[in-house]
Every structure is written in C-alpha cells, then in structure tokens.
Amino acid sequence: MRQTILIRTYLAVFTANTVIGMTFPMFPLYAKSIGTPVWMLTALISIMELSSVIGGIILGDLSDRKGRKSIKLLCSILYIIYPIMLIKTSNPMYLIIPLMLKGMGMTIVTICAAYVGDVTEKDELAKRIGILSFSGGIGFGIGPVIGGYGIDNFGFTNTFYIATIISILLFILIIGTKEADESIRDSFRPPQRKRQEQEGNVKEKIRNIITKRNIISIGLMSSLAMISFRLTIVFFPLLGQELGISASKAGLIIGIRTMFFVLSQIPASRISKIIGKERLLIISLMMLALGQGMVGLSNSTEMIVISLICEGIGFGMFLTLSRTLIITTSKKTESAISLGIVRAISWPGQVVLFVLLGNLSEIIGLTSIFIVGSGIILFGGIITIYILKSAK
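These lines cover the structure that appears in this document, whether it is placed above or below.

The rules we used
- Residues numbered from 1 in each chain as written.
- Predicted model: local features only at pLDDT ≥ 70, side-chain atom pairs only at ≥ 80, totals over all residues.
- Heavy atoms only, no water.
- Helix = DSSP H or I, 4+ residues; strand = E, 2+ residues; numbered from the N terminus.
- Buried < 20%, exposed > 50% of the residue type's maximum accessible area, 1.4 Å probe, protein only.
- Contact = heavy atoms within 4.5 Å.
- Areas by Shrake-Rupley, 256 points an atom, 1.4 Å probe, with all protein chains shown as cover.
- Expected span 1.5 Å × (residues − 1).
- Disulfide = S-S within 2.5 Å.
- Axes fitted to C-alpha atoms, helices over the stretch in contact; angles between N-to-C directions.
- Left-handed = near helix turned anticlockwise from the far one by under 90°.
- Nonpolar A, V, L, I, M, F, W, Y, C, P; charged D, E, K, R; others polar.
- Core = buried A, V, L, I, M, F, W, Y, C linked by side-chain atoms within 4.5 Å.
- Patch = residues over 30% accessible without salt bridge, like charges linked within 9 Å, V, L, I, M, F, W, Y side chains within 5 Å.
- Salt bridge = Lys/Arg side-chain N within 4 Å of Asp/Glu carboxyl O.
- Phe/Tyr/Trp six-rings, centres within 6.5 Å; stacked < 30°, edge-to-face > 60°.
- Lys NZ or Arg CZ within 6 Å of the ring centre and 35° of its normal.

**A look at the overall build of the protein chain**
(1) Moving on: Across its full length, the protein chain holds 16 helices and zero strands.
(2) Moving on: Out of the 392 residues belonging to the protein chain, those deemed buried represent 59%.
(3) Moving on: A fraction of 86% describes how many contacts in the protein chain between residues 6 or more apart in sequence connect residues 24 or more apart.
(4) Moving on: As presented, the protein chain carries roughly 15,400 Å² of accessible surface, and 67% of it is formed by carbon and sulfur atoms.

**So, helix α13 (residues 277–297)**
(1) Moving on: Taking 1.5 Å per residue, 21 residues should reach 30 Å; α13 reaches 31 Å between its end C-alpha atoms and fits that length.
(2) Moving on: All of the buried residues along α13 are Leu280, Leu281, Ile282, Ser284, Leu285, Leu288, Ala289, Gly291, Gln292, Gly293, Val295 and Gly296.

**Things to note about the state of the cysteines**
(1) Moving on: Taken as a whole and judged by the stated rule, the model has zero disulfides.
(2) Moving on: In this structure Cys112 is a free cysteine whose sulfur lies 8.7 Å from that of Cys75, the closest cysteine sulfur available.

**Some words on the packing of helix α3 (residues 38–66) against helix α5 (residues 96–105)**
(1) Moving on: Here α3 crosses α5 at 35°, and the two axes come no closer than 7 Å. Pair α3 / α5 crosses with right-handed handedness. The residues of α5 that touch α3, namely those facing Leu44, Ile47, Met48, Ser51, Ser52, Gly55 and Leu59, are Ile96, Leu99, Met100, Lys102, Gly103 and Met104.
(2) Moving on: Residue composition of the contact of α3 with α5, by class: eight nonpolar, four polar and one charged.

**Comments concerning the packing of helix α12 (residues 268–275) against α13**
(1) Moving on: With their axes 7 Å apart at the nearest point, α12 and α13 run at an angle of 115° to one another. For the pair α12 and α13, contact is made by Ala268, Ile271, Ser272 and Ile275 and by Lys277, Arg279, Leu280 and Ile283, respectively.
(2) Moving on: Here the residues of the contact of α12 with α13 sort into five nonpolar, one polar and two charged.

**Digging into the nonpolar core**
(1) Moving on: In terms of nonpolar packing, the biggest core is built from 110 residues, with Phe27, Ile108 and Phe235 touching the most fellow members.
(2) Moving on: Sort the elements by how many residues they give to this core and helix α10 (residues 213–242) lands first, with 15 residues.
(3) Moving on: Not counting residues up to four positions away in its chain, the partners in contact with Phe27 are Leu41, Ile45, Leu86, Leu95 and Leu99.

**What to know about a nonpolar patch on the surface**
(1) Moving on: A contiguous nonpolar patch, built from Val145, Leu252, Ile256, Phe260, Leu263 and Ile266 and spanning about 480 Å² of accessible area, is present on the exposed surface.
(2) Moving on: For the nonpolar patch, the leading source of residues is helix α11 (residues 247–265), giving four residues.
(3) Moving on: Its location among the elements puts Leu252 in helix α11.

**Topic: helix α6 (residues 107–118)**
(1) Moving on: For α6, with twelve residues, the first-to-last C-alpha span of 17 Å sits near the 16 Å given by 1.5 Å per residue.
(2) Moving on: Counting buried residues along α6, twelve of its twelve residues qualify, which places the element largely inside the surrounding structure.
(3) Moving on: Restricting attention to buried positions, one finds in α6 the residues Thr107, Ile108, Val109, Thr110, Ile111, Cys112, Ala113, Ala114, Tyr115, Val116, Gly117 and Asp118.

**Some thoughts on the environment of Ala16**
(1) Moving on: Within the secondary structure, Ala16 is located in helix α1 (residues 2–23).
(2) Moving on: Residue Ala16 is classed as buried on the basis of its relative accessible area, which comes to 0%.
(3) Moving on: Through-space distance from the C-alpha of Ala16 to that of Met106 is 8.1 Å; in sequence the pair is 90 residues apart.
(4) Moving on: In this view, Ala16 contacts Tyr79, Ile108 and Leu170; residues no more than four positions away in its chain are not counted.

**A short note on the pattern of salt bridges**
(1) Moving on: Scanning all chains against the criterion turns up two salt bridges.
(2) Moving on: Its salt-bridge partner being Glu49, residue Arg230 comes within 2.3 Å of it at the nearest N-O pair. With a gap of 181 residues between them, Arg230 in helix α10 and Glu49 in helix α3 connect regions that are remote in the sequence. Accessibility assignment for this pair places Arg230 and Glu49 in one class, buried.
(3) Moving on: Note that Glu311 and Arg257 form a salt bridge whose closest N and O atoms lie 2.7 Å from each other. Here Glu311 is found in helix α14 (residues 301–328), whereas its partner Arg257 is found in helix α11, with 54 residues between them in sequence. As far as burial versus exposure is concerned, Glu311 and Arg257 are alike and both buried.

**Describing the environment of Gly21**
(1) Moving on: Within the secondary structure, Gly21 is located in helix α1.
(2) Moving on: It is 9.8 Å that separates the C-alpha atoms of Gly21 and Gly136, two residues lying 115 residues apart in sequence.
(3) Moving on: With residues near it in sequence (within four places) discarded, Gly21 still touches Phe140, Gly143 and Pro144.

**Digging into the packing of aromatic side chains**
(1) Moving on: With the rule as written, the count across this model stands at nine aromatic pairs.
(2) Moving on: Measuring from ring centre to ring centre gives 6.1 Å for Tyr30 and Phe160, while their planes differ by 50°; the resulting arrangement is tilted. Placement of Tyr30 in helix α2 (residues 27–33) and of Phe160 in helix α7 (residues 122–175) is noted, with a sequence separation of 130 residues between them.
(3) Moving on: With relative accessibility at 7%, the residue Tyr30 sits in the buried group.
(4) Moving on: Seen in terms of ring centroids, Phe140 and Phe229 are 5.9 Å apart; in terms of plane orientation they differ by 40°. Their pairing is tilted. With Phe140 in helix α7 and Phe229 in helix α10, the pair connects residues that are 89 residues apart, well separated along the chain. For the pair formed by Phe140 and Phe229, the shared burial category is buried.
(5) Moving on: Connected via pairs of aromatic rings, a cluster forms that spans Phe140, Phe229, Phe261 and Phe315.
(6) Moving on: Cation over ring: Arg257 sits above Phe261, and NZ or CZ is 5.6 Å from the ring centre.

Dropping the structure here:
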C-alpha cells in the first residue's frame, strides 16, 4: 500500500506541475498582450511569490498538524480557479488576484514533499524526493510544450481552459486517496521514528526553525536559485519574442531545459554521497551562473538551448539536495513548515533582485540582464558558501 500511496503523490505533483508549465512560462506573453509593462510584470510575480511563501507557512503548518489531504484538496481547487480567472482578466492590475491564488496553490508541491518524508526511511529519503522532483519536472517539461503549441494554434483562452480541465483531474486524484489520513501516515512510520504529535505554538515553532544556521544558508541559496529560475521562465519567453522565436518554439526550449532539470535529479543523491551535499549545492549554483551568463552571450538558438540545459541541470541538483537537507534536519511535525520558512527567507532577496532586473531590462535590454543575473548568482554564491561553512 505504501507504494500505491507514493505513486499517487508523484502523480499529483506531475499533474500540478503540468498545469503550471502550461500557463506560467507563457504568462509573460499573455501579460504583454494586454499591455503589462515589464516592471509591473516583475512586481506581479513577486506578489505571487509572496502569497506562495505565506501559503507555504500557513498551509504547511496546517498540514503538519491536521493532515495533508484536506490542504492538498484546497490547493487543487485554487489550481482549477486560477487559469479561468487569468484568462478573464484584461486589466493588468487585476492579474494580481489569479496570481495570488496560484501562489497559494503551489503549496501542494511542498506538502507532497513533506508527505514523502512522513512515510520514507531516512536512508531512502533522497531517492524518494528525487523521484518526486522527477515527476514534477516531467510535468513542468511537458507543460510548456503543450502551452506554447496551444497558444500558437488555439489562443490563450482555449489553452488555459485545458489547464483547468487538467486541474479538475488533479482534484479527482487527490480526493480518491486516503494518503494524508493520520492513521495511514502513522502506519508507515518505522517504529523508531514514531513519536507523540505535539502541536506547539506556531510562532514558537517558526522561531525554533529560523534560528538554525543551515536553514538560513539554504534560504539564501534558494533566493539565488530562484533568480535563475525567474530569468528562464519569465524573461526568456520575452527575449525569445524579441529574437523572433514563436511561443511553440519557446515552450519546446523550456521543455528541453526542464527534461535535463529532471534527469539531473536522478543521480544527484548518489553524487552527493561521493562529494558531499554542501559541495554539490555550491557546484549547482555555479552551473546556474554559468548557464545564465551563456544565455546573455549567445548569438544563436542552439547556444541558448545549451545554456539553458546547463542552468536546468544546476537547478535540478539544487532543488533535490536543498529539499533533502531541510527534511532530514527537521522534525517530522515541522517538515512542511520548514520548507515554507526556507521560501520565506529566500523571498525578500529574490524579489529585490527580480524587480531590479525587470527595471534594468528596460534600460539595458533583455539580453544584458542575463549577464547581470549571472554575476549576482556568482557573487551571492560566494557569500552563502561562507555562511554554510560557518553553520557547521
């Protein structure tokens, strides 16, 4: 039964990320089509990320204390509503509402990761998290291809309606399982890992988690990794449009990048056992910096693809290892909220840098901000290396 429950969890993340892959990489093109300037686009996405951070903490804590299933159902409902509201919005200012719903709904991935930690032995956790990330990555790789093709051939409206239908399938998948029931969660916990569930004060729990140096260092690293991700997902489609790349081709390029992102997560845990998790985290950040710098210097579509593949591999290794480190160093009753707190730590830095890059793009052009972003990731990586080492 454990295998069946895990498979359902992997399928849920696959389906959720397919919806996001269909809509979010193409969102900058939709926003631009209704007259949204780049600076407003970055501000809207930053607000979306804030709602995701708040959702990660609040909904994550609720799932730690009350069970995973009900919160995942809530997130799936937000996924159903988000694409419909997005396509019905013609005023750029009102885009904030569906984006905030999307941000809250994205907590489903964090909760699924925490659930995998609930039912998995410590020595298997990296492998299971890798499979979870693999499943989500496949969805996020297929999504942009479907979204780009759909937008070029059927328009934004029909493509986003399809995303809503897939979200309904996600809801059905979650409602048809008992995966988050407390009895099932306990039945799969090894005896030595069972413990009394103590519902401490949320503020006290957050205070205890946030004082951990490794949580702070991973949070800072995450802000750099997310800057790289935002450059790829938000600014690349706009750059592609400037270079004459169609939505279908841009979606395919993002899909190829995401496939390598997925594949890199398979050997990540094995490589980390050889060279160490912290060292591999640092290498992954360097790959992010290299990939974004190469995008800025590329003079052909082929070079852009190679550059984004490099970025995708780095991001995949970072995501798998950071989640594994957080879950393995957190209590069972604090795993989901710990993941949410890491996102909260990373949010201020990535917002400031993201908005800065958005404003710079209107001054120095989209190509140049990839080079600037690469420098930020490289410099920030050096600082976080020191923090990570001092946390030991």
